[in-house]
Amino acid sequence: MAKKIIVYVVLFVMLFSVCGCTSGGKVFIKNYFGYYGLCDEDGDYIIKPKYHQMIGLDNDEYLVCLPGSEAIKICTVVGSNIDKSEFVTEYSKVYTVVNRKDKVLRELEDVEYAEEIADGIIVMLKKIVRDTTPRGPENIITYGYVGAECYIYDSALNPLNSEPWYNVKKYGEDKLLLTDEDGTIYLTDYSLNYISTKGYDEIYYINDELCGIVEKSKHGIMNMDGEVVVSPEYTEATMAVDEGLLAVGKDGKYSLMSSQTFNITGEISFSQIESFGYYGVARVVLEDNGKIYYAFVNDKGEAVVDFGTYSYISQFSGGKAVACVGGYSENSFRHTDSKMEFDAYPDMSFTYPETDNFAEHRNLDRQPAEASWVLIDTQGNVIREATNEDIAQYDVR
């Protein structure tokens, strides 16, 4: 008897997976064959799994997709970073609204794909345009995505826009990015109120208070009141690297900027920067005439370790890092699958474990022929010479 119970439990787990809760304790389920249904908290069916898609609406109603004859399914189009190369997969679909008794209340005309991209925000695609050239294996034919008309609805299926948008994506916790027919992007709230009536070539997330804007390939910054606080003048994307601190770049060189005053902080420029960590410093990289130099800066943009002192510095661990003086290039080796290949550098020699195990290659003992390794603290002070064990411990790679 116990064995039978175990078998039944295993079969249930294999055939069904819980997909999410609706209001009133009802739970969406998805069976082994990919069909959606609805059950109560006790696991009893309310609607047996038979739908390709199921979205909860107001008043105990559900937007469902049942196999039909004309429609198509678009894979992760709405709410994803789509472009002209997005693929669509041919399926037959018809969208209807049903109640909890699975009675069809109405059929939605011309809807080719629907998706709930945020709580209570449903996007429906109509008039999908696609390249008719088939791609992929014979049993999974795909077509290039060109465009579609996007209509936005609330959870009662009240339309929020009368004129179509041509792409809709969620932004942050409570905003939307809407793309018009010309490819211009606007930032709105869930009620489609504009944060800014001016559109841009691109809008991207920096932090909860700021977004990056792109106009004619130049990057600027806009706040959530729609005010442009930094005009589009930078060639590199803006990044938040610490609380109150941004990295802005021109022609491959970055500087630190205050996210309150939007003034440049410090006089150091660099090619790469990592986020500030526990020790209040960020590792930065400068590429100069084919050589790579590492340093650390504080939140005032001041060098804790100057460029030119070390050709490599590891991340800090326990308040310490290993640093190399001369002879090191971070491009001196690379991983390929479980093997390791080496680029030829005249000033480098290596010792490494004789194993094909990838994990054992991560912490690699390296012995540069014309370089010295030291152990430093977070202020750049040398503690002592570094051993091979130190180099392996701090994951120099």
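Just so we're clear, the structure is a prediction, and the values are computed from it rather than from any experiment.

Draft legend 1. Quick peek at the overall build of the chain. A count of helices and strands for the chain gives three helices and 33 strands. Residue pairs in contact within the chain that sit at least 24 positions apart in sequence constitute 36% of those at least 6 positions apart. Accessible surface computed for the chain: about 21,600 Å², of which carbon and sulfur atoms make up 47%.

Draft legend 2. Here's a closer look at the sheet that holds strand S9 (residues 104–107). A sheet is described by the order of its strands in space; here four strands give the open sequence S5-S6-S8-S9, paired in antiparallel fashion. In the strand order of this sheet, the two ends are held by strand S5 (53–56) and S9, each with one partner. Each neighbouring strand pair of the sheet contributes to a mean axis angle of 25 degrees, computed without reference to strand direction. Strand direction decides the pairing type here: strand S6 (residues 61–66) and strand S8 (residues 94–99), joined by six bridges, are antiparallel. In the sheet register, Leu 66 faces S8, and the bridge partner there is Val 94.

Draft legend 3. Broad picture of the packing of aromatic side chains. Counted according to the given criterion, the structure contains nine aromatic pairs. Here a set of aromatic residues connected by ring pairs shows up, and it is made of Trp 165, Tyr 186 and Tyr 194. The ring of Tyr 234 is capped by Lys 250, whose NZ or CZ atom sits 5.3 Å from the centre of that ring.

Draft legend 4. Structural view of the sheet that holds strand S32 (residues 372–377). Strand order in the open sheet formed by four strands is S28-S29-S32-S33, and the pairing between neighbours is antiparallel. Each edge of the open sheet is held by one strand with a lone partner, namely strand S28 (312–313) and strand S33 (382–385). Of the pairings in the sheet, the one linking strand S29 (residues 320–325) to S32 comprises six bridges and is antiparallel in character. Within the sheet, the bridge partner assigned to Cys 324 lies in S32 and is Trp 373.

Draft legend 5. Representation of the side chain of Thr 265 in the model. For Thr 265, the position within the fold is in strand S23 (residues 264–270). On the accessibility criterion, Thr 265 (19% relative accessible area) is buried. Setting aside residues no more than four positions away along its own chain, Thr 265 makes contact with Leu 245, Leu 256, Met 257, Ser 258, Asp 299, Lys 300 and Gly 301.

Draft legend 6. Broad picture of the pairing of strand S18 (residues 218–223). S18 sits mainly inside the fold: five of its six residues count as buried. Relative to S18, strand S17 (residues 210–215) runs antiparallel, the two being bridged by six bridges. Following the sheet pairing, Leu 210 is matched in S18 by Asn 223. Examined bridge by bridge, S18 and strand S19 (residues 228–234) share three bridges and lie antiparallel to one another. Residue Ile 221 lies in a different strand from S19, and its bridge partner there is Val 230.

Draft legend 7. How the structure looks around the confidence of the model for the chain. Summing up the model confidence of the chain, the mean pLDDT is 76 and the portion of residues at 70 or higher is 71%. Across residues 330–369 the pLDDT falls below 50, and counting only partners more than four positions away or on other chains, this stretch makes 74 contacts in the model.

Draft legend 8. Spatial organisation of the pattern of salt bridges. Following the criterion strictly, the structure yields seven salt bridges and no others. When the shortest N-O distance is used, the salt bridge between Lys 250 and Glu 233 registers 3.5 Å. Pair noted here: Lys 250 is in strand S21 (residues 245–250) and Glu 233 is in strand S19, with a separation of 17 residues, a long-range link. Using a relative accessible area of 37% as the deciding quantity, one classes Glu 233 as partly exposed. The closest approach of N and O atoms between Arg 384 and Asp 390, which form a salt bridge, is 2.8 Å.

Criteria and thresholds
- Residues numbered from 1 in each chain as written.
- Predicted model: local features only at pLDDT ≥ 70, side-chain atom pairs only at ≥ 80, totals over all residues.
- Heavy atoms only, no water.
- Helix = DSSP H or I, 4+ residues; strand = E, 2+ residues; numbered from the N terminus.
- Contact = heavy atoms within 4.5 Å.
- Areas by Shrake-Rupley, 256 points an atom, 1.4 Å probe, with all protein chains shown as cover.
- Pairing = 2+ DSSP bridges.
- Axes fitted to C-alpha atoms, helices over the stretch in contact; angles between N-to-C directions.
- Phe/Tyr/Trp six-rings, centres within 6.5 Å; stacked < 30°, edge-to-face > 60°.
- Lys NZ or Arg CZ within 6 Å of the ring centre and 35° of its normal.
- Buried < 20%, exposed > 50% of the residue type's maximum accessible area, 1.4 Å probe, protein only.
- pLDDT = per-residue confidence, 0-100.
- Salt bridge = Lys/Arg side-chain N within 4 Å of Asp/Glu carboxyl O.

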